[in-house]
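Observations on the model geometry
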Amino acid sequence: MPGVDDVLDTPPPAFSAADAVRVAAELFGFEAEASPLPSERDQNFRLRADDGRERVLKLANPAEDPATLDFQIRALLHLERTTPDLPVPRVFAARSGAFCAELRAPDERRHGVRLFSFLAGKPLAESPRDAGICADLGAFLARLGQGLRGFFHPAARGDLLWDLSQAARMRERLGHLEDADTHGLARRWLEHFEQRVAPRLPGLRAQVIHNDASGSNVLVDPRGERVVGLIDFGDLVHAPLLQEVAVAVSEVMLFAPDPVAAAAELVAGYEAVEPLRDEERSLLVDLVATRLAVAIAIAAWRGARFPENYAYIAGDAQALKAALARVDANEAALRAALGERTGSAAASRAAAGPELDRLLAQRMRLLGPTVSHFYEKPLHLVRGRGAWLFGADGRAYLDAYNNVPHVGHCHPRVVEAIARQASRLDTNTRYVTEAVLDYAERLTATLPAGLEVCFFVCSGSEANDLAWRLARAHTGNSGALVVAGAYHGSTAAASDLSPTEPSASAETAAQVRILPAPDAYRGSWRRGERDRGHRDAAGAEAALASLARAGLAPAAFFVDPLFTSSGILVAPPGWLAEVFRAVREAGGLCVADEVQTGFGRTGDRFWGFEMHGVVPDLVTLGKPIANGYPMAAVVTRPEIARSFARTGDFFSTFGGSPVACAAALAVLDVMECEGLRENARRVGARLRAGCEALAAHRKLVGDVRGAGLFLGVELVRDRETRDPAPGETRAVVERLREAGVLVGIEGPLRNVVKIRPPLVFSAADADRLLEALDAALAAVERERPDPE
Ligand code: PMP
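All residue numbers refer to position in the chain's written sequence, counted from 1. Given that this is a predicted model, residues contribute local features only at a pLDDT of at least 70 and side-chain atom pairs are listed and counted only at 80 or more, while totals for whole chains, interfaces and linings are drawn from all residues. In computing side-chain values, all of the structure's heavy atoms are included and hydrogens and water are not.

1. Things to note about the overall build of the protein chain
To be explicit about the condition: By the criteria applied, helices consist of DSSP H or I runs no shorter than four residues and strands consist of E runs no shorter than two, each listed in order from the N terminus. In this setup the radius of gyration rests on C-alpha atoms only. A globule is expected at 2.2 Å times the number of residues raised to 0.38. Relative accessibility thresholds used throughout: buried, under 20% of the residue-type maximum; exposed, over 50%; partly exposed, between the two (1.4 Å probe, protein chains only). Here, two residues are considered to be in contact whenever any of their heavy atoms come within 4.5 Å of each other. A 1.4 Å probe and the Shrake-Rupley method give the accessible areas. Residues count as covered only by the protein chains that appear here. We score Asp and Glu as negative and Lys and Arg as positive, and we do not count His or the chain ends. For the purpose of locating charges, the reference atoms are NZ of Lys, CZ of Arg, CG of Asp and CD of Glu.
Along the protein chain, the regular secondary structure elements total 24 helices and 27 strands. Its C-alpha atoms give the protein chain a radius of gyration of 31 Å, within 12% of the compact-globule value 28 Å for 788 residues. Expressed along its principal axes, the backbone C-alpha trace of the protein chain runs to roughly 95 × 65 × 55 Å. The buried share of the protein chain, taken over its 788 residues, is 55%. Sequence separation of at least 24 residues holds for 74% of the intrachain contacts in the protein chain that already meet a minimum separation of 6. Of the roughly 32,000 Å² of accessible surface on the protein chain, 52% is carried by carbon and sulfur atoms. Between the mean site of the 90 positive side-chain charges and the mean site of the 104 negative ones, the protein chain shows a separation of 3 Å.

2. Some words on the site of the ligand
The criterion, for reference: By convention in this text, a residue qualifies as near a molecule or strand provided that one of its non-hydrogen atoms is within 4 Å of it. Identification of polar contacts relies on pairs of N or O atoms within 3.5 Å, with a donor-acceptor requirement for protein atoms, meaning one able to donate a hydrogen and the other able to accept it, and with residues adjacent in sequence counted only if both atoms are side-chain atoms. When residues are sorted by character, Ala, Val, Leu, Ile, Met, Phe, Trp, Tyr, Cys and Pro go into the nonpolar class, Asp, Glu, Lys and Arg into the charged class, and all the rest, Gly among them, into the polar class.
The ligand sits among Ser459, Gly460, Ser461, Asn464, Tyr487, His488, Gly489, Asp560, Asp593, Val595, Gln596 and Lys623. Take Gln596: an N or O atom from its side chain is 2.7 Å from an oxygen atom of the ligand. With the chains in place, 80% of the 390 Å² that the ligand exposes on its own is no longer accessible. Ranked by residue count, the leading element in the shell around the ligand is helix 15 (residues 460-475), at 3 residues. Looking at the shell around the ligand, its residues break down into 2 nonpolar, 7 polar and 3 charged.

3. Observations concerning helix 24 (residues 763-783)
Put simply, the rule reads: Working rule for helices: expected span equals 1.5 Å times residues minus one.
In this model, helix 24 (21 residues) spans 30 Å end to end at C-alpha, consistent with the 30 Å of a helix rising 1.5 Å per residue. Regarding helix 24, the residues found buried are Asp765, Ala766, Leu769, Leu770, Ala772, Leu773, Ala776, Leu777, Ala778, Ala779, Val780 and Glu781.

4. Here's the deal with the side chain of Ser643
Here Ser643 lies in helix 20 (residues 638-645). Overall, Ser643 belongs to the buried group, its relative accessible area being 9%. A polar contact is formed between the side chain of Ser643 and the side chain of His474, at a distance of 2.6 Å. Ignoring anything within four residues of it in the chain, the contact list for Ser643 reads Ala473 and His474.

5. Some words on the confidence of the model for the protein chain
Here is the rule we go by: Summary of the metric used: pLDDT quantifies the predictor's per-residue confidence within the range 0 to 100.
In this model, the protein chain carries a mean pLDDT of 89, and residues with pLDDT of at least 70 account for 92%. In the model, residues 341-351 has pLDDT below 50 throughout and makes 15 contacts with residues more than four positions away in sequence or in other chains.

6. Regarding the sheet that holds strand 17 (residues 512-515)
Threshold: Criterion used throughout: strands pair if DSSP finds at least two bridges between them. Helix axes are fitted to C-alpha atoms over the stretch in contact, other axes to C-alpha atoms as well, and angles between N-to-C directions run from 0 to 180 degrees.
Reading across the sheet, the 7 strands line up as 15-21-20-19-18-16-17 and stay open at both edges, with mixed pairing between neighbours. Taken across any chain shown, the strands that pair with only one partner, and hence form the sheet edges, are strand 15 (453-457) and strand 17. Taken pair by pair, the neighbouring strands of this sheet meet at an average axis angle of 20°, ignoring direction. In this sheet, strand 21 (residues 632-636) lies alongside strand 15 in antiparallel orientation, the contact comprising 5 bridges. Residue Phe456 lies in a different strand from strand 21, and its bridge partner there is Ala633. Contacts from helix 20 reach strand 15, strand 19 (589-593), strand 20 (618-621) and strand 21 within the one sheet, and its direction differs from that of strand 15 by about 55°.

7. What about the pattern of salt bridges?
Quick note on the threshold: Only one rule defines a salt bridge in this text: a Lys or Arg side-chain nitrogen within 4 Å of an Asp or Glu carboxyl oxygen.
The full count for this structure, using the stated rule, is 52 salt bridges. With a shortest N-O distance of 2.9 Å, Asp51 and Arg53 are connected by a salt bridge. For Asp51, a relative accessible area of 53% gives the class exposed.

8. Overview of the side chain of Asn217
Among the secondary structure elements, Asn217 is positioned in the loop between strand 8 (206-209) and strand 9 (218-220). Once residues within four sequence positions are removed from consideration, Asn217 is found in contact with His210, Asp212, Gly229, Leu230, Ile231 and Asp232.

9. Looking at a nonpolar patch on the surface
Here is the rule we go by: Residues with no salt bridge and a relative accessible area higher than 30% make up the patches, which join like charges within 9 Å and nonpolar side chains (Val, Leu, Ile, Met, Phe, Trp, Tyr) within 5 Å.
A cluster of nonpolar side chains, Leu366, Leu367 and Val371, forms an exposed patch at the surface whose accessible area comes to about 270 Å². Of note, Leu366 is situated in helix 12 (residues 352-367).

10. Structural notes on the packing of helix 5 (residues 180-197) against helix 8 (residues 278-305)
Put simply, the test is: Oblique is the label for any angle not under 35 degrees, not over 145, and not in the 65 to 115 range, which are roughly parallel, roughly antiparallel and roughly perpendicular in turn. Handedness of a crossing is defined here by the sense of rotation of the near helix relative to the far one, left-handed for an anticlockwise turn of less than a right angle and right-handed for a clockwise turn.
Where helix 5 contacts helix 8, the axes come no closer than 9 Å and their chain directions differ by 135°. Relative to helix 8, the element helix 5 lies oblique. For helix 5 against helix 8, the interelement crossing comes out left-handed. In this structure, helix 5 contributes Thr182, Ala186, Trp189, Leu190, His192, Phe193 and Val197 to the contact, and helix 8 contributes Leu283, Asp286, Leu287, Ala289, Thr290, Ala293, Val294 and Ile296. By residue class, the composition of the contact of helix 5 with helix 8 is 11 nonpolar, 3 polar and 1 charged.

11. Quick look at the packing of aromatic side chains
Test applied: Working definition: a ring pair exists when centres of Phe, Tyr or Trp rings (six-membered ring for Trp) sit within 6.5 Å. Plane angles under 30 degrees give stacked, over 60 give edge-to-face, the rest tilted.
The full count for this structure, using the stated rule, is 13 aromatic pairs. Ring geometry for Phe71 and Phe151: centres 6.1 Å apart, planes at 5°, overall stacked. With Phe71 in helix 3 (residues 66-82) and Phe151 in the loop between helix 4 (131-148) and helix 5, this pair connects stretches of sequence that are 80 residues apart. One exposure class covers both Phe71 and Phe151, and it is buried. Pairwise contacts between aromatic rings join Phe374, Tyr375 and Tyr401 into one cluster.

12. Some details on the nonpolar core
Selection rule: What we call a nonpolar core is a set of buried Ala, Val, Leu, Ile, Met, Phe, Trp, Tyr and Cys residues that are connected through their side-chain atoms within 4.5 Å.
With 99 residues, the main nonpolar core has Tyr439, Phe557, Phe599, Ile755 and Phe761 as its most contacted residues. Ranked by residue count, the leading element in this core is helix 21 (residues 658-673), at 11 residues. Those residues in contact with Phe599 that lie beyond four places of it in its chain are His406, Tyr439, Leu443, Phe606, Trp607, Leu621, Pro624, Ile625, Leu668, Met671 and Leu759. In this structure, Ala167, Trp189, Val288 and Ala323 belong to the second largest nonpolar core, which totals 89 residues.

13. Examining the pairing of strand 10 (residues 227-230)
Strand direction decides the pairing type here: strand 9 and strand 10, joined by 3 bridges, are antiparallel. Note on strand 10: the bridge partner recorded for Val220 is Val227.

14. Considering the sheet that holds strand 14 (residues 396-399)
Across a sheet, strands are paired by hydrogen bonds formed along the backbone, either parallel or antiparallel in direction. With mixed pairing, the 4 strands of this open sheet are ordered in space as 12-13-14-25. The open sheet terminates on both sides in strands that have one partner only, identified here as strand 12 (381-385) and strand 25 (741-742). Across the sheet, helix 24 touches strand 13 (388-391), strand 14 and strand 25, and the angle it forms with strand 14 is around 100°.

15. Here's the deal with helix 22 (residues 676-697)
This is how it is decided: Each direction from the helix axis to a C-beta atom contributes to the arc, which is the arc of those directions.
Between its first and last C-alpha atoms helix 22 spans 32 Å; for 22 residues at 1.5 Å apiece the expected length is 32 Å, and the two agree. Within helix 22 the residues assigned to the buried category are Leu676, Asn679, Ala680, Val683, Gly684, Leu687, Gly690, Cys691, Leu694 and Ala695. Taken down its axis, helix 22 places every buried residue within 150° of arc, on the same side. Looking at the buried residues of helix 22, the elements they touch are helix 21, strand 22 (701-707), strand 23 (710-718), strand 27 (752-755) and helix 24.

16. Concerning the pairing of strand 14
Both strand 13 and strand 14 contribute to a ladder of 3 bridges, which runs antiparallel. Along strand 14, the bridge assignment pairs Phe390 with Ala396. Bridge count between strand 14 and strand 25: 2 bridges; the pairing is parallel. Within strand 25, the residue paired with Leu398 across the bridge is Val741.

Here it is in structure tokens:
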């Protein structure tokens with residue numbers, strides 16, 4: 001992606017009007033005359049056809065990232081669907097069918113070329129800003145925000161100079177400013193932003209916004225009474241929604257006869273359509289001032305850089321300075337006029353310490369002592385997006401731990417699918433609805449032939465509980481085999497099948513036998529030995545023999561294919577196939593618990609059991625299935641479902657509801673559209689190689705293992721003796737949290753760093769994690785030198 005300065009630092013294209021005429025005809029089949037329009041960084045032409053139709057031809061700056069152009073196009077197409085009556089440009093496809101064509105200039109530079117509708121209207125900057133127009137603009141922007149609410153694009157988080165959340169870096173650009181007073185004023189507001197405002201921004205609702213409702217981009221009718229259009233989607237960004245309001249307020253304050261009244265009207269107009277929240281209101285004046293300070297810094301820098309081309313920005317410089325001075329002088333009046341309830345920004349600032357203590361006390365009182373939390377200082381989260389979580393402390397945390405938000409936290413497509421279905425119909429599976437059938441078709445298509453009947457429930461525990469009932473009904477047996485250290489859930493039956501659970505009851509435990517985990521690092525055999533599969537399957541034979549001695553035959557063997565809670569283990573080839581064979585010979589069924597490993601987590605394959613070349617009789621699914629919407633499933637063979645049906649009806653009130661299935665379908669769609677299995681493979685391999693490289697110079701690292709985007713890094717005090725290092729593991733995980741990276745701890749010895757991020761984890765995220773892990777290991781090694 002181009003750097004933040006590349007596009008602004010690269011001169012705009014320099015085509016002639018005759019070139020524009022030719023390009024419009026050749027690429028878009030639009031025959032017209034062309035006249036130039038102003039542009040900051042691209043080149044725009046107004047096209048007029050003989051029949052009166054008008055278009056705008058946009059020739060992009062050669063430094064512009066094609067993904068950014070696509071982002072703008074998709075946003076406009078989205079608005080065309082959600083808010084068709086909102087006057088924003090329409091996009092026209094080129095003759096090739098693409099919305100963005102490519103043009104190679106004589107100097108070999110390549111330009112994206114797009115054709116938009118021409119919106120008639122007078123720029124707001126050329127019209128008096130009376131109160132009426134400000135209210136109308138507020139309402140317009142609120143509707144725009146609602147129209148864009150469900151929209152997202154990978155380029156939406158691009159590095160944009162005009163993104164106010166990045167305002168702190170503008171201070172260095174103030175160096176170009178000759179006027180010392182303005183310099184001091186702008187610097188003071190930028191410092192205020194960095195210290196007081198930026199930490200609170202991650203707590204605000206955010207989405208894609210236009211980000212530039214300026215006097216030249218807002219179009220009004222000839223009498224200046226109504227907004228008739230908004231153009232130039234070149235500064236589109238994912239940012240706090242409030243920023244949209246702040247930009248517009250700062251613009252109307254530039255020239256309005258009564259700037260405070262104009263600002264108040266605009267906010268009132270906005271709130272008539274979309275009320276602001278208290279937290280937003282309390283930051284509005286700060287963001288208005290920040291925007292003015294940023295505009296001053298950019299104008300100063302660019303005025304010095306390209307005086308000839310950016311004269312129209314430089315022309316505004318005086319007005320910007322005057323407006324910021326006005327905000328500064330009238331801060332209190334402005335805060336009051338814009339409805340800030342708290343009186344001053346300082347008073348409304350959330351005090352992280354006492355607030356957290358209060359919440360923890362409330363938690364203990366209301367949720368009881370069994371709900372533990374991660375970290376010595378528990379993390380108070382307020383928002384998530386992609387692989388990132390945002391804390392009430394104003395910090396961003398890279399999430400390398402959570403697998404439930406499989407396609408990324410709050411993925412807009414999943415959110416939209418849930419909202420759309422929830423606003424239409426949500427009911428249970430005793431009625432005939434389509435979503436559950438669509439989903440069952442899609443899901444079973446990913447599984448081996450034969451696994452084709454689905455039971456939908458709401459949690460992984462319920463799925464395993466049900467699988468256990470199915471297996472008992474089908475086999476008529478009552479014994480179970482599980483792996484040491486396994487966790488299969490929290491219901492009475494599932495916790496009995498979970499050797500990690502202290503609650504496993506003596507009575508049921510009498511029916512359960514535990515196989516040694518196939519641990520190639522600490523097990524009875526080590527990597528590289530031959531015939532390992534057979535040797536360890538002897539563990540299964542012994543367990544089955546023990547059941548038989550108690551007069552029991554196995555109903556089921558439950559296995560998590562990556563042995564997650566046993567320490568994230570990679571079983572030797574043939575191990576699982578041998579156990580499956582032994583269990584089946586004794587009359588039992590084999591259950592793959594894919595709650596952790598399913599849905600492409602392991603990279604190359606869709607399901608964890610595929611790593612072992614086996615096909616289970618039942619598969620249980622949960623956690624990532626619907627990206628966090630409660631949903632889980634058992635999939636099995638028809639004859640097993642029939643045996644169960646003989647025992648009676650089965651019904652789960654919420655299981656497989658239309659909303660749950662809409663979410664789950666969206667997860668499969670996103671996985672395909674965004675190539676997330678491939679991403680898990682590619683980024684997982686990078687992460688693994690990086691962890692292995694760390695082992696070369698960090699002696700705490702004893703072993704690195706896993707598959708795809710699921711890795712375990714086992715920490716030891718001594719590589720020879722393999723003495724586990726649980727205290728060091730905890731210290732490393734705490735340090736990572738301090739560095740803004742979230743991972744977990746796994747394994748019976750609590751010494752395995754668990755890395756299991758959302759599948760949207762990028763190569764850059766992986767590098768960031770590796771860097772932080774290296775630093776954390778180094779610090780802990782320094783703190784806790786070798787025992788000898
Ligand atoms: N099976 C496995 C392998 C799990 O990891 C979990 C949850 N950690 C469960 C089952 C239980 O799922 P849930 O918490 O949704 O009931």
